[in-house]
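Report on the structure
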Amino acid sequence: EAQVTQNPRYLITVTGKKLTVTCSQNMNHEYMSWYRQDPGLGLRQIYYSMNVEVTDKGDVPEGYKVSRKEKRNFPLILESPSPNQTSLYFCASSLSWTGTEQYFGPGTRLTVT
Amino acid sequence: QKEVEQNSGPLSVPEGAIASLNCTYSDRGSQSFFWYRQYSGKSPELIMFIYSNGDKEDGRFTAQLNKASQYVSLLIRDSQPSDSATYLCAVSQAGTALIFGKGTTLSVSS
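Notes on the structure follow. (Residues numbered from 1 in each chain as written. Chains lettered and ligands numbered in written order. Predicted model: local features only at pLDDT ≥ 70, side-chain atom pairs only at ≥ 80, totals over all residues. Heavy atoms only, no water.)

1. Quick look at the overall build of chain B
In terms of helices and strands, chain B carries zero helices and eleven strands. Against the 2.2 N^0.38 benchmark of 13 Å for 110 residues, chain B shows a C-alpha radius of gyration of 13 Å, consistent with a compact globule. Taken along its principal axes, the extent of the C-alpha atoms in chain B is 40 × 30 × 20 Å. Per-residue burial over chain B gives 45% buried out of 110 residues. The contacts in chain B between residues at least 6 apart in sequence include a share of 53% that link residues at least 24 apart. Surface exposure of chain B reaches about 5,100 Å², of which carbon and sulfur atoms provide 45%. (Helix = DSSP H or I, 4+ residues; strand = E, 2+ residues; numbered from the N terminus. Rg over C-alpha atoms; globule rule 2.2 N^0.38 Å. Buried < 20%, exposed > 50% of the residue type's maximum accessible area, 1.4 Å probe, protein only. Contact = heavy atoms within 4.5 Å. Areas by Shrake-Rupley, 256 points an atom, 1.4 Å probe, with all protein chains shown as cover.)

Here it is, written out as structure tokens:
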């Protein structure tokens, strides 16, 4: 089944404790992206990747890191999480970086206390 | 600054009515247009895409695109309570990734 998977789905952590949210897609998509979604603010792009080893900042990259060592995986790293990073996070992928629909993972609800 | 604008709603319609959701975009070069449905706490799900001016129908859904006026709309016929969700408009210009609107919340009452 073609899909985007994320883990964990739910995470409660404390300020400053490094964490990684994994994202994997099995559709051989070139483009992958991370969004956060907060009430009233819509989807905001954190980082994106147009292919292996090619990543770039989105609209809200502060406090996040990413890597794209393999085509299928695009982990999101929070080196020192803070309460303002409490949010619902989505990973998405698409066949190419422009003009095509994006497929979303199920989401990760992160709470930082 | 490329922008995609949607009325946040809520748009309330009775069961069986037609729901009309609208989206405007700022970039005249936009070429691909998508509608996603998102239930509360769930991920966005693609329901329609349209590339050419005019109407595109898929079951109870019709997407309408008017590039001259820079708007795209989604009509939902025979609305059902299960259609209650937030609908996201997404737009892409050649050479850019998707830009999402903030969404319109639809509430269908039985």
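The rest of the description comes next.
2. A short note on the overall build of chain A
A count of helical and extended segments in chain A gives zero helices and eleven strands. Order of helices (α) and strands (β) in chain A, N terminus to C terminus: β-β-β-β-β-β-β-β-β-β-β. A compact globule built from 113 residues should have a C-alpha radius of gyration of about 13 Å, and chain A, at 13 Å, falls within 12% of that. Along the three orthogonal principal directions, the C-alpha set of chain A runs to about 35 × 30 × 25 Å. Looking at chain A residue by residue over its 113 residues, the buried ones come to 49%. Put simply, of all contacts in chain A between residues at least 6 apart along the chain, 53% involve residues at least 24 apart. Computed over 12 positive and 10 negative side-chain charges, the separation of the two mean positions in chain A equals 7 Å. (Lys, Arg positive; Asp, Glu negative; His and termini not counted. Charge placed at Lys NZ, Arg CZ, Asp CG, Glu CD.)

3. A word on the packing of aromatic side chains
Taken as a whole, this structure holds eleven aromatic pairs over all chains when the rule is applied. Where Tyr35 of chain A meets Phe104 of chain A, the ring centres are 5.8 Å apart and the plane angle is 35°; that geometry is what we call tilted. Residue Tyr35 of chain A is found in strand 4 (residues 31–38), and its partner Phe104 of chain A is found in strand 10 (residues 103–104); the two are separated by 69 residues along the sequence. Just as Tyr35 of chain A is buried, Phe104 of chain A falls in that class too. Seen in terms of ring centroids, Tyr25 of chain B and Phe33 of chain B are 5.0 Å apart; in terms of plane orientation they differ by 50°. Their pairing is tilted. Take Tyr25 of chain B: its relative accessible area is 5%, and that puts it in the buried class. (Phe/Tyr/Trp six-rings, centres within 6.5 Å; stacked < 30°, edge-to-face > 60°.)

4. Regarding the sheet that holds strand 1 (residues 4–5) of chain B
Residue and element names in this part refer to chain B. With antiparallel pairing, the five strands of this open sheet are ordered in space as 1-3-8-7-6. Of all the strands in the sheet, the pair left with one neighbour each is strand 1 and strand 6 (54–58). Both strand 3 (residues 19–25) and strand 8 (residues 71–76) contribute to a ladder of six bridges, which runs antiparallel. Within the sheet, the bridge partner assigned to Leu21 lies in strand 8 and is Leu74. (Pairing = 2+ DSSP bridges.)

5. Looking at the state of the cysteines
Per the counting criterion, the structure on display carries two disulfides over all chains. Covalent S-S linkage joins Cys23 of chain A and Cys91 of chain A, the inter-sulfur distance amounting to 1.8 Å. Residues Cys23 of chain A and Cys91 of chain A are joined through a disulfide that is left-handed, its torsion about the S-S bond being -70°. Placement of Cys23 of chain A in strand 3 (residues 19–25) and of Cys91 of chain A in strand 9 (residues 87–94) is noted, with a sequence separation of 68 residues between them. Paired by a disulfide, Cys23 of chain B and Cys89 of chain B hold their sulfur atoms 2.1 Å apart. For the disulfide bridge between Cys23 of chain B and Cys89 of chain B, the dihedral angle about the S-S bond is near -70°, and by the sign convention the bridge is left-handed. Of this pair, Cys23 of chain B sits in strand 3 while Cys89 of chain B sits in strand 9 (residues 85–93), placing them 66 residues apart in sequence. (Disulfide = S-S within 2.5 Å.)

Worth remembering: the numbers are spatial, not functional.
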